[in-house]
Amino acid sequence: MAKPVKPSTTTAFYVQAVISFAISLVGLAAGILYLPVTTWVRSFLALGLMYVVTSTFTLAKCVRDRQEEATVVSRVDQARLDKLLAEHDPFRTE
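To keep things clear, this report deals only with the structure shown in the data block. (Residues numbered from 1 in each chain as written. Predicted model: local features only at pLDDT ≥ 70, side-chain atom pairs only at ≥ 80, totals over all residues. Heavy atoms only, no water.)

1. Observations regarding the overall build of the protein
From N to C terminus, the protein includes two helices and zero strands. Expected size for 94 residues packed as a compact globule is a radius of gyration near 12 Å; at 25 Å, the protein overshoots this value by more than 25%. Considering only C-alpha atoms, the protein reaches an extent of 85 × 30 × 10 Å along its principal axes. A total of 94 residues make up the protein; the buried ones form 3% of that total. Total accessible area on the protein stands at roughly 8,900 Å², and carbon and sulfur atoms take up 69% of it. (Helix = DSSP H or I, 4+ residues; strand = E, 2+ residues; numbered from the N terminus. Rg over C-alpha atoms; globule rule 2.2 N^0.38 Å. Buried < 20%, exposed > 50% of the residue type's maximum accessible area, 1.4 Å probe, protein only. Areas by Shrake-Rupley, 256 points an atom, 1.4 Å probe, with all protein chains shown as cover.)

2. Regarding the layout of surface pockets
Approximately 190 Å³ is the volume found for the second largest pocket. Taken together, A17, V18, F21, T56, F57 and A60 make up the full set of residues lining the second largest pocket. Listed by contribution, the elements that provide at least two residues to the lining of the second largest pocket are α1 (11–33) and α2 (39–87). Considered class by class, the residues forming the lining of the second largest pocket number five nonpolar, one polar and no charged. (1 Å grid on protein atoms, 1.4 Å probe; cavity = no way out; pocket = protein on both sides within 12 Å on 5 of 7 lines; lining within 4 Å. Points joined across faces, edges and corners; volume = space filled by probe spheres on them. Nonpolar A, V, L, I, M, F, W, Y, C, P; charged D, E, K, R; others polar.)

3. Some details on the pattern of salt bridges
In this structure the tally under the stated criterion is three salt bridges. For the salt bridge of D65 with K61, the shortest nitrogen-to-oxygen distance reads 2.6 Å. Of this pair, D65 and K61 both sit in helix α2, four residues apart, roughly one helical turn. What makes K61 partly exposed here is its relative accessible area of 44%. A single salt-bridge network, built from bridges that share partners, covers K61, R64, D65 and E68. (Salt bridge = Lys/Arg side-chain N within 4 Å of Asp/Glu carboxyl O.)

4. As for the environment of K61
Sequence separation of K61 and Y51 is ten residues, and the distance between their C-alpha atoms is 15 Å. A polar atom in the side chain of K61 sits 2.6 Å from the side chain of D65. (Polar contact = N/O pair within 3.5 Å; in protein donor to acceptor, adjacent residues only side chain to side chain.)

5. Quick look at a nonpolar patch on the surface
Residues Y14, V15, V18, I19 and I23 make up a contiguous nonpolar surface patch of roughly 500 Å² in combined accessible area. Inspection of the secondary structure puts I23 in helix α1. Classification of I23 by relative accessible area gives exposed; the value is 58%. (Patch = residues over 30% accessible without salt bridge, like charges linked within 9 Å, V, L, I, M, F, W, Y side chains within 5 Å.)

Here you go:
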């Protein structure tokens with residue numbers, strides 16, 4: 001059986017994602033900082049920003065874990081099928 005190729009991201013894609021995240025985070029934080037409102041409103045918006053960022057990381061981890069779990073399950077199923085095919089003898093008479 002052919003072993004599936006593990007997809008990997010390139011360094012350029014990783015760097016682009018990190019830079020994009022940093023720019024968006026800094027831009028929104030600067031927007032909140034220079035917003036002409038009271039400190040309480042600014043604090044509330046900053047807290048909301050932190051909540052969105054942390055929940056985004058949590059969601060990304062959950063999606064990654066689910067994908068890895070599906071990969072492991074399919075590999076176990078493939079190993080069972082390979083074992084059954086290896087043990088099967090179509091010319092055996094019993």
